[in-house]
Amino acid sequence: CRIVQRLLKACPPAQVSEITQTLVEAASTLACHMYGHYVVQHLLQFGTEEQRHHLVRCIEQNAVSIGHSTVGGSVLVTALTHAASEDKAWIARAFAQDPQVLLTLAQDRCGHAGVLAMMSVLQDRGDQHIRANLAQRLDTLRESRFGRVIAKRMDEFDAK
């Protein structure tokens, strides 16, 4: 995966277009792979707008499998950092559909940062689906190290 990342970084886009296209097509599998997720993150950071858009759609369509993956949280955070504003909302809405995925991510070392970012993205749009889903599981969140961060943020928001 490091070799692929270096090729993508060092070679002109025209030279690696076929590799890039194959990677984008396999993104749902790579995003959940122990090493492949680094390549997906690299494409999200340094890929073209079109590649980023395709990756966002892939993440959106595979929210459940990515959310339950041990490395999916890092892919989610990278996508929310580098995607266009509207694409961030699409990602957040996709993950908000499954309360169990939200809970899994909220208790994860990388995933909890993604949950915080999604809460912010949707809050800016007046959408409280993530907060509503997680509010039902506050006791469970408070039992985990990273879940406490989410619970604290929710408490701070409620205090305002």
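Residues numbered from 1 in each chain as written. Predicted model: local features only at pLDDT ≥ 70, side-chain atom pairs only at ≥ 80, totals over all residues. Heavy atoms only, no water.

Below, the discussion takes up the pattern of salt bridges. Here the structure, examined in full by the defined rule, presents seven salt bridges. Note that Glu 49 and Arg 52 form a salt bridge whose closest N and O atoms lie 2.8 Å from each other. Within this pair, Glu 49 and its partner Arg 52 are both found in helix H5 (residues 49-61), separated by three residues, close to a single helical turn. The exposure class assigned to Glu 49 is exposed, which follows from its relative accessible area of 54%. Here Arg 125 ties to Glu 86 by a salt bridge, and the two come within 3.8 Å at their closest N and O atoms. With a gap of 39 residues between them, Arg 125 in the loop between helix H10 (111-123) and helix H11 (129-135) and Glu 86 in helix H8 (residues 85-96) connect regions that are remote in the sequence. Among the charged side chains, a network of salt bridges with common partners joins Arg 57, Glu 60 and Asp 87. (Salt bridge = Lys/Arg side-chain N within 4 Å of Asp/Glu carboxyl O. Helix = DSSP H or I, 4+ residues; strand = E, 2+ residues; numbered from the N terminus. Buried < 20%, exposed > 50% of the residue type's maximum accessible area, 1.4 Å probe, protein only.)

Let us now look at helix H13 (residues 145-159). In this model, H13 (15 residues) spans 22 Å end to end at C-alpha, consistent with the 21 Å of a helix rising 1.5 Å per residue. Of all the positions in H13, only Phe 146, Gly 147, Ile 150, Ala 151 and Met 154 are classed as buried. Mapping the buried residues of H13 onto a view down its axis gives an arc of 145°, with all of them on the same face. Residues of H13 that are exposed and angled more than 90 degrees away from the buried face: Arg 145, Lys 152 and Ala 159. Buried residues belonging to H13 abut helix H9 (99-106), H10, H11 and helix H12 (138-142). (Expected span 1.5 Å × (residues − 1). Arc of directions from axis to C-beta. Contact = heavy atoms within 4.5 Å.)

For His 68, the position within the fold is in helix H6 (residues 63-68). Taking the relative accessible area as the measure of exposure, His 68 reaches 40% and is therefore partly exposed. In the structure, His 68 is positioned 34 residues away from Leu 102 in sequence and 9.1 Å away in space, judged by C-alpha atoms. Not counting residues up to four positions away in its chain, the partners in contact with His 68 are Gln 100, Val 101 and Thr 104.

Further remarks concern the side chain of Asp 127. With respect to the element layout, Asp 127 can be found in the loop between H10 and H11. The charged side chain of Asp 127 is buried without a salt bridge, its nearest counter-charge being Arg 93 at 4.1 Å. For Asp 127, the residues in contact, after removing those within four places along its chain, are Arg 93 and Leu 122. (Lys, Arg positive; Asp, Glu negative; His and termini not counted.)

Residues Phe 95, Val 115, Met 118, Ile 130, Leu 134 and Ile 150 are the most contacted members of the largest nonpolar core, which totals 47 residues. Excluding residues within four positions of it along the chain, Val 115 makes contact with Leu 102, Leu 105, Ala 106, Ile 130, Leu 134 and Ile 150. (Core = buried A, V, L, I, M, F, W, Y, C linked by side-chain atoms within 4.5 Å.)

Within the secondary structure layout, Thr 20 lies in helix H2 (residues 17-25). Setting aside residues no more than four positions away along its own chain, Thr 20 makes contact with Leu 8, Leu 43 and Gln 51.

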